[in-house]
Amino acid sequence: MGDTPETLELLPLDALHRRLGARMVPFAGYSMPIQYEGIVAEHNWTRTAAGLFDVSHMGQVILTGDSADAALEALIPGDIIGLKTGCLRYSMLLDAQGGILDDLMVTRREGDLYLVVNGAMKHSDIAILKAGLPGVDVAYRPDLALLALQGPTAVDALERLAPGVAALSFMRAGTFTLAGTSVWVSRSGYTGEDGFEISVPAADAERIAELLLAQPEVKPIGLGARDSLRLEAGLPLYGHDLTPETTPVEASLAFAISKRRKAEGGFPGADRVLKQLLDGPAKKRVGLKIDGRQPVREGAPVVHDGANVGAVTSGGHGPALNAPIAMAYVPAALAGDGQRLQLEVRGKLLDATVVPMPFFPKNYVRQGAKA
Amino acid sequence: MTLYFTKDHEWVRVDGDTATVGITDYAQGQLGDVVFVENPAAGAALAQGKEAAVVESVKAASDVYAPISGTVTEANAALEGEPALVNTAPEGEGWFFRMTVGNPGELDALMSESAYRDYVAGL
């Protein structure tokens, strides 16, 4: 670890992480906290209370321009023209073959589109957006920090400090006042739990983070638990479960291809992607539950009847399930729930079963759902 | 009974012609939550400094090296049900395996407890 020669960027909360005793590691070009008290404790805390994650490495990008929504539809398969103000949509930048270049969140706000993209991909994403959106202003906002407050009691902690946020439902967002600062709050996240993502001026980030951490529900959570939480929630990680070699259909993310876009096409690789939707893809991303306790990691071959048929793209111990789980790409014929497969680890074959994802039930507060 | 340590953070407790092997408290702290241990089977021949076991934390898999050469006599069955013993009692109940002392001369290359504590303090 740590032999990357290039200089790592520091997060706005770098000093706070170190004060809190975080173990810092290089990630996406930043020095980032992988854990504070321990991954399993942090994971379980987020599943039962509220965890504060610093995700300021992610790219916050604002698009302005008269037809920014229509222009963006040329790069992604989501319906952005039909996206209502204050609503988020999950989407993906695609290449000409329908391969995934990154996954992202798009929110329509009064007067602009607010995008959140992966930290490791943000510079290439911004270049793609600038080249692909003529007449649209593409503003990268490194002056903003991004905090995620996730877990079943996140709403109690945040409502105390930013009254009104409890009225947001899942995938809705708005402007709120938090400790005298105007912040952008989305009810969204990457853990499978209810929670919020809070965009704040970098200069105010430490004060706001300390205020959140002072709430009895809240503890700081590192990247390690962020990864195990999203794995249990069945959420893919770009660069691992999603790459230019995979399409939205192969990645089992067809829900992100909006209805109108299925009918109209007009996004990169639409011919191939829509054909896969109709005929079914050759390979699919599936969830695997592994017999026994041994974790299976990224890269492990998937074996069926003695033949190598695919590979694990993410895997590890699921702390809330107390069992090993993984995601893998397998041939569509072997992707059905209950399919028995084997995974090869250090020359040994472990039995596994294809199971529906999420592995751990999601806990979102959906619009119209009973409280 | 004498306790020795390696630079790779294994400990070995020698009692007559039997040695018990585990990883140190420093090592378990670096690994974080241990969720699985792949131990060598009884009868396996180990060579000093070569891979002997694999310890899996939530984050990653790490090799555990044989501190000395010899033959495995017993793997710690308690770790199958409770791998977290490596975190809670790394230098006690969380031992990995027992083995014969194939070549007592190899022990000379290992560190004493005080030398190991100094080594860790300098990391």
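Everything in this summary refers to the structure shown in the same document. (Residues numbered from 1 in each chain as written. Chains lettered and ligands numbered in written order. Predicted model: local features only at pLDDT ≥ 70, side-chain atom pairs only at ≥ 80, totals over all residues. Heavy atoms only, no water.)

1. Considering the overall build of chain B
Helices and strands together make up the secondary structure of chain B, namely 4 helices and 9 strands. Its helices and strands in sequence order give chain B the pattern β-β-β-α-β-β-β-β-β-α-α-β-α, from N to C terminus. For a compact globule of 123 residues, the expected C-alpha radius of gyration is about 14 Å, and chain B comes in at 13 Å, within 12% of that figure. A buried classification covers 48% of the 123 residues belonging to chain B. Summarising the internal contacts of chain B: among those between residues at least 6 apart in sequence, 59% fall at separations of at least 24. Here chain B displays about 5,500 Å² of accessible surface, and carbon together with sulfur accounts for 49% of that area. (Helix = DSSP H or I, 4+ residues; strand = E, 2+ residues; numbered from the N terminus. Rg over C-alpha atoms; globule rule 2.2 N^0.38 Å. Buried < 20%, exposed > 50% of the residue type's maximum accessible area, 1.4 Å probe, protein only. Contact = heavy atoms within 4.5 Å. Areas by Shrake-Rupley, 256 points an atom, 1.4 Å probe, with all protein chains shown as cover.)

2. Description of helix H2 (residues 39-48) of chain A
Three or more residues of H2(A) are buried, namely A:Ile39, A:Val40, A:Glu42, A:His43, A:Thr46 and A:Arg47. End-on view of H2(A): buried residues confined to an arc of 165°, all on one side of the axis. (Arc of directions from axis to C-beta.)

3. Focus: the environment of A:Leu101
Residue and element names in this part refer to chain A. For Leu101, the position within the fold is in strand S7 (residues 100-109). Overall, Leu101 belongs to the partly exposed group, its relative accessible area being 21%. Placed 146 residues apart in sequence, Leu101 and Thr247 show a C-alpha to C-alpha distance of 9.5 Å. Those residues in contact with Leu101 that lie beyond four places of it in its chain are Leu93, Leu94, Asp95, Met121, Asp125, Ile128, Tyr238 and Pro244.

4. Topic: the sheet that holds strand S5 (residues 45-46) of chain B
Here we have 6 strands laid out as an open sheet, ordered S1-S2-S3-S9-S8-S5 (chain B), and antiparallel in their pairing. One side of each edge strand has no neighbouring strand; the edge strands of this open sheet are strand S1 (2-5) and S5 of chain B. (Pairing = 2+ DSSP bridges.)

5. Describing the sheet that holds strand S6 (residues 51-57) of chain B
What holds strands together in a sheet is hydrogen bonding between their backbones, with the strands either parallel or antiparallel. All names here are of chain B. The antiparallel open sheet is built from 3 strands, whose spatial order is S4-S6-S7. With partners counted over all chains shown, the strands left at the sheet margins are strand S4 (34-38) and strand S7 (61-65), one partner each. Recorded for the sheet is a direction-independent mean angle of 25° between the axes of neighbouring strands. (Axes fitted to C-alpha atoms, helices over the stretch in contact; angles between N-to-C directions.)

6. Let's talk about the interface of chain B and chain A
With 16 residues of chain B at the interface, the matching set in chain A holds 13 residues. Where chain B abuts chain A, roughly 1,300 Å² becomes buried across the two surfaces, and 49% of that area is made up of carbon and sulfur atoms. Taken together, the connections running from chain B to chain A amount to 4 salt bridges. Between A:Lys348 and B:Glu38 there is a salt bridge, and its shortest N-O distance comes to 4.0 Å. Across the chain B-chain A interface, the total number found is 13 residue pairs in polar contact (both at pLDDT 80 or more). Elements that contribute at least two residues to the side of chain B that touches chain A include exactly helix H1 (25-31), S4, S6 and helix H2 (78-81) of chain B. Of the residues contributing to the side of chain B that touches chain A, the split by class is 7 nonpolar, 4 polar and 5 charged. (Buried area = accessible area lost by both parts, 1.4 Å probe. Salt bridge = Lys/Arg side-chain N within 4 Å of Asp/Glu carboxyl O. Polar contact = N/O pair within 3.5 Å; in protein donor to acceptor, adjacent residues only side chain to side chain. Nonpolar A, V, L, I, M, F, W, Y, C, P; charged D, E, K, R; others polar.)

7. Describing helix H6 (residues 202-213) of chain A
Residue and element names in this part refer to chain A. With 12 residues, H6 extends 17 Å from end C-alpha to end C-alpha; this agrees with the ideal 16 Å at 1.5 Å per step. Among the residues making up H6, those that are buried are Ala205, Ile208, Ala209, Leu212 and Leu213. Seen end-on, H6 carries its buried residues on one side only, within an arc spanning 130°. (Expected span 1.5 Å × (residues − 1).)

8. Topic: the pattern of salt bridges
Tallying each qualifying case throughout the model produces 28 salt bridges over all chains. A salt bridge links A:Arg18 to A:Asp14, with the shortest nitrogen-to-oxygen separation between them at 2.8 Å. Remark: A:Asp14 and A:Arg18 occur in helix H1 (residues 14-19); sequence separation between them is 4 residues, near one turn of the helix. Given a relative accessible area of 10%, A:Asp14 falls into the buried group. Between B:Glu91 and B:Arg117 there is a salt bridge, and its shortest N-O distance comes to 3.2 Å. One end of the pair, B:Glu91, is in the loop between helix H3 (85-88) and strand S9 (97-100); the other, B:Arg117, is in helix H4 (residues 113-121), and 26 residues separate them in sequence. A residue is classified by how much of its surface remains accessible, and B:Arg117, at 35% relative accessible area, is partly exposed. Salt bridges here are not isolated pairs; linked through shared partners, they connect A:Glu73, A:Asp79, A:Arg260, A:Arg261 and A:Glu264.

9. Overview of the nonpolar core
If you look at the biggest cluster of nonpolar residues, it comprises 42 residues, and the most contacted ones within it are A:Tyr90, A:Met92, A:Ile100 and A:Leu242. Of all the elements in the fold, those that place two or more residues in this core are H2, strand S6 (88-94), S7, strand S8 (112-117), strand S10 (144-150), helix H7 (223-232) and helix H9 (270-279) of chain A together with S4 of chain B. For this core, the element with the highest residue contribution is S6(A), accounting for 4 residues. Of all hydrophobic cores here, the second largest spans 28 residues; its members include A:Ala50, A:Phe196, A:Ile208 and A:Leu213. (Core = buried A, V, L, I, M, F, W, Y, C linked by side-chain atoms within 4.5 Å.)

10. Describing the side chain of A:His317
Relative to the helices and strands, A:His317 resides in strand S17 (residues 307-318). With a relative accessible area of 7%, A:His317 lands in the buried category. When residues no more than four places from it in sequence are discounted, the contact partners of A:His317 are A:Ser228, A:Pro295, A:Asn322, A:Ala323, A:Pro324, B:Val35 and B:Val58.

11. A word on unusual backbone geometry
Residue and element names in this part refer to chain A. The omega torsion across Met357 and Pro358 is 5°, close enough to zero to call that bond cis. With respect to the helices, strands and loops of the structure, Pro358 is situated in the segment after strand S20 (348-355). One non-glycine residue with positive phi stands out, namely Met171, at about 70°. We classify Met171 as buried; its relative accessible area is 15%. Residue Arg346 is not a glycine yet carries a positive backbone phi of 50°.

12. A closer look at the packing of aromatic side chains
Here the structure, examined in full by the defined rule, presents 5 aromatic pairs over all chains. Relative to A:Phe255, the ring of A:Tyr90 lies with its centre 5.9 Å away and its plane at 20°, an arrangement referred to as stacked. With a gap of 165 residues between them, A:Tyr90 in strand S6 and A:Phe255 in the loop between H7 and helix H8 (259-264) connect regions that are remote in the sequence. Centroid distance B:Phe5 to B:Tyr116: 4.6 Å. Interplanar angle 10°. Geometry classified as stacked. Of this pair, B:Phe5 sits in strand S1 while B:Tyr116 sits in helix H4; the two residues are 111 residues apart in sequence, bridging distant segments of the chain. (Phe/Tyr/Trp six-rings, centres within 6.5 Å; stacked < 30°, edge-to-face > 60°.)

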